[in-house]
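Listed below, chain by chain, are the residues.
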Amino acid sequence: KQEVTQIPAALSVPEGENLVLNCSFTDSAIYNLQWFRQDPGKGLTSLLLIQSSQREQTSGRLNASLDKSSGRSTLYIAASQPGDSATYLCAVRQHTYKYIFGTGTRLKVLA
Amino acid sequence: GAVVSQHPSRVICKSGTSVKIECRSLDFQATTMFWYRQFPKQSLMLMATSNEGSKATYEQGVEKDKFLINHASLTLSTLTVTSAHPEDSSFYICSASPGTTYEQYFGPGTRLTVT
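Since the structure is predicted, the reported quantities are computational estimates derived from the model, not experimental observations.

Draft legend 1. Just the packing of aromatic side chains, in detail. All chains considered together, the criterion is met by ten aromatic pairs over all chains. Measuring from ring centre to ring centre gives 6.4 Å for Phe36(A) and Tyr99(A), while their planes differ by 65°; the resulting arrangement is edge-to-face. With a gap of 63 residues between them, Phe36(A) in strand 4 (residues 32-38) and Tyr99(A) in strand 10 (residues 99-101) connect regions that are remote in the sequence. For Tyr99(A), a relative accessible area of 2% translates into the label buried. Residues Phe101(A) and Phe106(B) carry aromatic rings whose centres are separated by 5.9 Å and whose planes lie at 85° to one another, so their mutual orientation is edge-to-face. One end of the pair, Phe101(A), is in strand 10; the other, Phe106(B), is in strand 10 (residues 105-106), on a second chain. The rings of Phe36(A), Tyr99(A), Phe101(A), Tyr36(B) and Phe106(B) are connected pair by pair, giving a single aromatic cluster.

Draft legend 2. Molecular detail of the state of the cysteines. Using the criterion set out here, one finds two disulfides over all chains in the structure. In this model Cys23(A) forms its disulfide with Cys90(A); the gap between the sulfur atoms is 2.0 Å. In this structure the cystine formed by Cys23(A) and Cys90(A) twists about its S-S bond by roughly 70°; its chirality is therefore right-handed. Placement of Cys23(A) in strand 3 (residues 19-25) and of Cys90(A) in strand 9 (residues 86-93) is noted, with a sequence separation of 67 residues between them. Look at Cys90(A) and you get buried, because its relative accessible area is 0%. Sulfur-sulfur distance for the disulfide between Cys23(B) and Cys94(B) comes to 2.0 Å.

Draft legend 3. Quick peek at the sheet that holds strand 7 (residues 67-73) of chain B. Residue and element names in this part refer to chain B. The strand order 1-3-8-7 describes an open sheet built from four strands, whose pairing is antiparallel. Of all the strands in the sheet, the pair left with one neighbour each is strand 1 (4-7) and strand 7. Averaged over all pairs of adjacent strands, the angle between strand axes in this sheet comes to 15°, irrespective of strand direction. Both strand 7 and strand 8 (residues 76-81) contribute to a ladder of five bridges, which runs antiparallel. Within the sheet, the bridge partner assigned to Ile69 lies in strand 8 and is Leu79.

Draft legend 4. Examining the interface of chain B and chain A more closely. The interface is formed by 22 residues belonging to chain B together with 18 residues belonging to chain A. Our count for the chain B to chain A interface comes out at one salt bridge. In this structure, the connection of chain B to chain A is made through four residue pairs in polar contact (both at pLDDT 80 or more). At the level of elements, strand 4 (32-38) and strand 9 (90-97) of chain B are the ones that each hand at least two residues to the side of chain B that touches chain A. If you tally residues by element for the side of chain B that touches chain A, the top one is strand 4 of chain B, at four residues. Residues of the side of chain B that touches chain A, tallied by class, amount to nine nonpolar, nine polar and four charged.

Criteria and cut-off values
- Residues numbered from 1 in each chain as written.
- Chains lettered and ligands numbered in written order.
- Predicted model: local features only at pLDDT ≥ 70, side-chain atom pairs only at ≥ 80, totals over all residues.
- Heavy atoms only, no water.
- Phe/Tyr/Trp six-rings, centres within 6.5 Å; stacked < 30°, edge-to-face > 60°.
- Helix = DSSP H or I, 4+ residues; strand = E, 2+ residues; numbered from the N terminus.
- Buried < 20%, exposed > 50% of the residue type's maximum accessible area, 1.4 Å probe, protein only.
- Disulfide = S-S within 2.5 Å.
- Pairing = 2+ DSSP bridges.
- Axes fitted to C-alpha atoms, helices over the stretch in contact; angles between N-to-C directions.
- Contact = heavy atoms within 4.5 Å.
- Salt bridge = Lys/Arg side-chain N within 4 Å of Asp/Glu carboxyl O.
- Polar contact = N/O pair within 3.5 Å; in protein donor to acceptor, adjacent residues only side chain to side chain.
- Nonpolar A, V, L, I, M, F, W, Y, C, P; charged D, E, K, R; others polar.

Given below as structure tokens:
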């Protein structure tokens, strides 16, 4: 059974710092991995999607990497801003429609 | 493109009553829709998967008689929480997939509070 874990559960950093969020999964037979952002009381915003054959994806200040064999993904946020404060979720999809979500990292960027 | 809406965004109901939540794909046809539940400070848990015109497939531990799902058209799925209890209070999020790819597009969520 696939399990997805995110570390740390919560993180507080000063503005401008570069930071790394971690996601690990137990079954490496995945179709893709996706990072989402969730603001309090809101739905999900897709940030980056990495196919199983890819190693990384970049969008602006965000970079996500995938090491499928070791069951790990990282989300790198450069030059963090207060507007980046949110909960970040990773989700893996195996060869079905089903997404398995991680436990989330609550990020607070202090001005 | 690929916008999914949910209605209502918030609902408060009394214990024992039923409440219906709608999920619509606004600019694409969704052959498959998904319903998730999220308790405070927890992650999303898939409740059920529904394909247009057929019965929903429920995840283990989700009561199908309590959470009624109808996917009557390619743009609309509804989740009805029957005989709601305070422990059903949660954030319910739907997602929709066009079927041409396995991408899922998420709705903004519905906050249900049962008093």
